[in-house]
Number of protein chains: 2
Amino acid sequence: MTGERLPSWRPGPTRDAIIGYLDGIGHVPVEDRVAYIDNDGTLWCERPHYVQLDFFVDALRRRSSDDASLAERPEFAAVLNGDSVAMGEIGLAEIAAALAGLFDGRTPDEFAAAVDTFVDRYRHPTLEAPVGSLVYQPMLELLDELRACDFTVGIVSAGGTEFVRRVSPRLYDVPPELVVGTLIGYEFARDDDDRPMLRRTVSLMGDANEGEAKVAHIQAQLGRAPMIAAGNSGGDREMLEWAQANAHGGLAILVDHDDAAREFAYESAAATFQDAEPITAVADRLGWATVSMARDWETVFPQRA
Amino acid sequence: MTGERLPSWRPGPTRDAIIGYLDGIGHVPVEDRVAYIDNDGTLWCERPHYVQLDFFVDALRRRSSDDASLAERPEFAAVLNGDSVAMGEIGLAEIAAALAGLFDGRTPDEFAAAVDTFVDRYRHPTLEAPVGSLVYQPMLELLDELRACDFTVGIVSAGGTEFVRRVSPRLYDVPPELVVGTLIGYEFARDDDDRPMLRRTVSLMGDANEGEAKVAHIQAQLGRAPMIAAGNSGGDREMLEWAQANAHGGLAILVDHDDAAREFAYESAAATFQDAEPITAVADRLGWATVSMARDWETVFPQRA
């Protein structure tokens, strides 16, 4: 297979559109070659739950076994009881904020260690796979192809930035500074030896990283507009439209989850972001490259060692 | 000179301390090798004015020649009259905010074009040099040496992020996403063809990037703590202490402006940040590597072509 481009992608219009686009940008300065790829549902599986949500729920279960009073808080009670009606009424944003508050006062290193411990023992509930096997093999190949074309590749997420940063180097070969998610604020403090340290707070810096905020946060944190963006949900719509509007002519890629046999079949609107128009309909209307998992991918997940 | 490390640095304890430190970190994982370097006064000349301040004042002069009413605003009157007493009373933070407001509503591309135009015609008022000749040759060599040791190098500034990002690739070979400064907020909008765009606002995202805020912003935007930090003013103190406290053992480097003959001689406290203790005294007390420009640098500015 040496030398074959996007080998896990089946020949057809989607693969042709991506390779044709990359073959046509030889005139574009390297500093303008920037691609931002959504994480949950675009680079790895987001069903039945976001992995990051599982991380926080796992932390809640451990904490509440030591402190039963935690279960009295409505957001936590809904989660611990798996009460999807109550969770829907409270809203994912409120629940996410309450869960993030479990790490209030922790240092970045303490949070990173908690993520590492969770990730090491995590197994997907139905696929029974570790995190490294939840990524989409064709998307890993797309990241490699983009880098071979001198693109700077960033990862974008509605989830908490620091969780994604902890897995992005290992899963995607993307360094922490190229991850843009929902940012928790930090408080400066000093330790017993008067040395500087940081503690997580319960407040966000900026907004939840969805929709219009994704565009504003990318500019603020990374400083460059995308030529290529890929996503899968209503929360990615503005970022994809922004890429398409690039002055060099952009490429917007939508991953459509239409493969119940190998993954999950659903129309994704992002849990915290409801668009009136289904994102697949937006893609058709605006002429984006829609990736049908069922049709366009020969392989979905990497072969396990 | 091929193969000589830090060739513009004179042999002595400061050069030895830096090279000795770099020679001793072979055991440190590459992902932990991170260095953050302050911009104004550390990488390039900040006297008699910050270059970015000159940029905004230049924009004010152009604008006020079309709109005389601008000069009625006290912040602008003080600047236009060169009234340093009034500027001191108002404070640089207030003046900077007013000046940044001159670009309220502009797109990132419009702001970048204004920076490019200014930078292309800029000449330093006393050194009569273009911006590329205001950088410190020994610090450019330090950046190269750090990268040769597999460091990720970021630029930190109290100035506006987007100005620094516009010059950092060309001056320092540092990409926009590795610049952390004072961030202006963006507003999402749509153009006449309903395509997404961003407009600058007058509000900051986060705080002015000085002191404790530098540490919090670096963590939030880049996600990694430094092993090495370099600065020159009271506004860099916490960042330098943070680097020194690194778990691998860090290196804090202070540039001391003690060379009136070749540059400027002054104790820098950062215009918006006054520490009770002079930063050179902090450096001595905490055992930082203090760079005497007069003693440690054979050359200050790059040789002009």
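These numbers come from a predicted model, not from an experiment.

Turning to the overall build of chain A, a few remarks are in order. Helix and strand counts for chain A stand at 12 helices and eight strands. Rg of the C-alpha trace for chain A: 20 Å, near the compact-globule value of 19 Å for 305 residues, within the 12% margin. For chain A, the C-alpha atoms occupy an extent of roughly 60 × 45 × 45 Å along the three principal directions. For chain A, with 305 residues in total, the buried portion stands at 56%. Taking as baseline every contact in chain A between residues at least 6 positions apart, the subset at least 24 positions apart corresponds to 68%. Just so you have it, chain A exposes about 12500 Å², and 49% of that area is on carbon and sulfur atoms.

What follows covers the relation of the copies chain A and chain B. When chain A is fitted to chain B, the residual RMSD is 0.0 Å, and the transformation amounts to a turn of 180 degrees plus an axial shift of 0.0 Å. When the rotation and shift are considered jointly, the pair of chain copies conforms to a two-fold rotation axis.

Contacts between the two partners involve 33 residues from chain A and, on the opposite side, 33 residues from chain B. Carbon and sulfur atoms make up 65% of the area that chain A and chain B hide from each other, which totals about 2900 Å². Looking at the side of chain A facing chain B, the largest losses of area belong to E177, F188 and M205 of chain A, adding up to 21% of the total buried there. Our enumeration of links across chain A and chain B arrives at four salt bridges. Note that E241 of chain B is salt-bridged to R190 of chain A, the shortest N-O span being 2.7 Å. Inspection of the chain A/chain B interface yields 14 residue pairs in polar contact (both at pLDDT 80 or more). Those elements that provide at least two residues to the side of chain A that touches chain B are α8 (161-172), β3 (179-190), β4 (196-205), α9 (212-222) and α10 (237-244) of chain A.

Time to look at the pattern of salt bridges. By the definition in use, this model includes 46 salt bridges over all chains. For the salt bridge of K214 of chain A with D38 of chain A, the shortest nitrogen-to-oxygen distance reads 3.2 Å. Pair noted here: K214 of chain A is in helix α9 and D38 of chain A is in strand β1 (residues 34-38), with a separation of 176 residues, a long-range link. A residue is classified by how much of its surface remains accessible, and D38 of chain A, at 4% relative accessible area, is buried. Residues joined in a network through salt bridges with shared partners are R190 and D194 of chain A together with R237, E241, E277 and R285 of chain B.

Before going further, it helps to spend a moment on the pairing of strand β2 (residues 152-160) of chain B. Residue and element names in this part refer to chain B. Taking burial as the measure, the nine residues of β2 include seven buried ones, the bulk of the element. Sheet topology places strand β1 (residues 34-38) next to β2; five bridges connect them, and they run parallel. Bridge pairing in β2 places I37 opposite I155. In this structure, β2 lies alongside strand β3 (residues 179-190), joined through three bridges in parallel fashion. Residue pairing for β3: V156 is matched across the bridge by V180.

Now for the side chain of D236 of chain B. Within the fold, D236 of chain B resides in the loop between β5 (228-231) and α10 (237-244). Discounting residues that sit within four places of it in the chain, D236 of chain B has contacts with D38, T42, K214 and G231 of chain B.

Turning to the packing of aromatic side chains, a few remarks are in order. Residue and element names in this part refer to chain B. Scanning all chains against the criterion turns up 24 aromatic pairs over all chains. For the pair F55 and F103, a centre-to-centre distance of 5.5 Å together with 15 degrees between the ring planes defines the contact as stacked. Within this pair, whereas F55 is found in helix α2 (residues 51-66), its partner F103 is found in the loop between α5 (92-100) and α6 (108-121), the two being separated by 48 residues in sequence. Taken individually, F55 and F103 each receive the classification buried, so the pair is uniform in this respect.

This part covers the side chain of N209 of chain B. Residue and element names in this part refer to chain B. Of note, N209 is situated in the loop between β4 (196-205) and α9 (212-222). Residue classification places N209 among the buried positions, given a relative accessible area of 0%. Reaching out from N209, the side chain makes a polar contact with the backbone oxygen of S157 at a distance of 2.8 Å. In contact with N209, not counting residues within four places along its chain, are V156, S157, A158, V180, G181, T182, K214 and H217.

Turning our attention to the packing of α9 of chain A against α10 of chain A. All names here are of chain A. At a minimum axis separation of 6 Å, α9 and α10 run at an interaxial angle of 55 degrees. Here α10 runs oblique to α9, going by the angle between their axes. Only E238, M239 and W242 of α10 make contact with α9, whose side of the interface consists of E212, K214, V215, I218 and Q219. Classifying every residue of the contact of α9 with α10 gives four nonpolar, one polar and three charged.

Quick notes on the rules
- Residues numbered from 1 in each chain as written.
- Chains lettered and ligands numbered in written order.
- Predicted model: local features only at pLDDT ≥ 70, side-chain atom pairs only at ≥ 80, totals over all residues.
- Heavy atoms only, no water.
- Helix = DSSP H or I, 4+ residues; strand = E, 2+ residues; numbered from the N terminus.
- Rg over C-alpha atoms; globule rule 2.2 N^0.38 Å.
- Buried < 20%, exposed > 50% of the residue type's maximum accessible area, 1.4 Å probe, protein only.
- Contact = heavy atoms within 4.5 Å.
- Areas by Shrake-Rupley, 256 points an atom, 1.4 Å probe, with all protein chains shown as cover.
- Least-squares fit on C-alpha atoms with pLDDT ≥ 70 in both.
- Buried area = accessible area lost by both parts, 1.4 Å probe.
- Salt bridge = Lys/Arg side-chain N within 4 Å of Asp/Glu carboxyl O.
- Polar contact = N/O pair within 3.5 Å; in protein donor to acceptor, adjacent residues only side chain to side chain.
- Pairing = 2+ DSSP bridges.
- Phe/Tyr/Trp six-rings, centres within 6.5 Å; stacked < 30°, edge-to-face > 60°.
- Axes fitted to C-alpha atoms, helices over the stretch in contact; angles between N-to-C directions.
- Parallel < 35°, antiparallel > 145°, perpendicular 65-115°, else oblique.
- Nonpolar A, V, L, I, M, F, W, Y, C, P; charged D, E, K, R; others polar.

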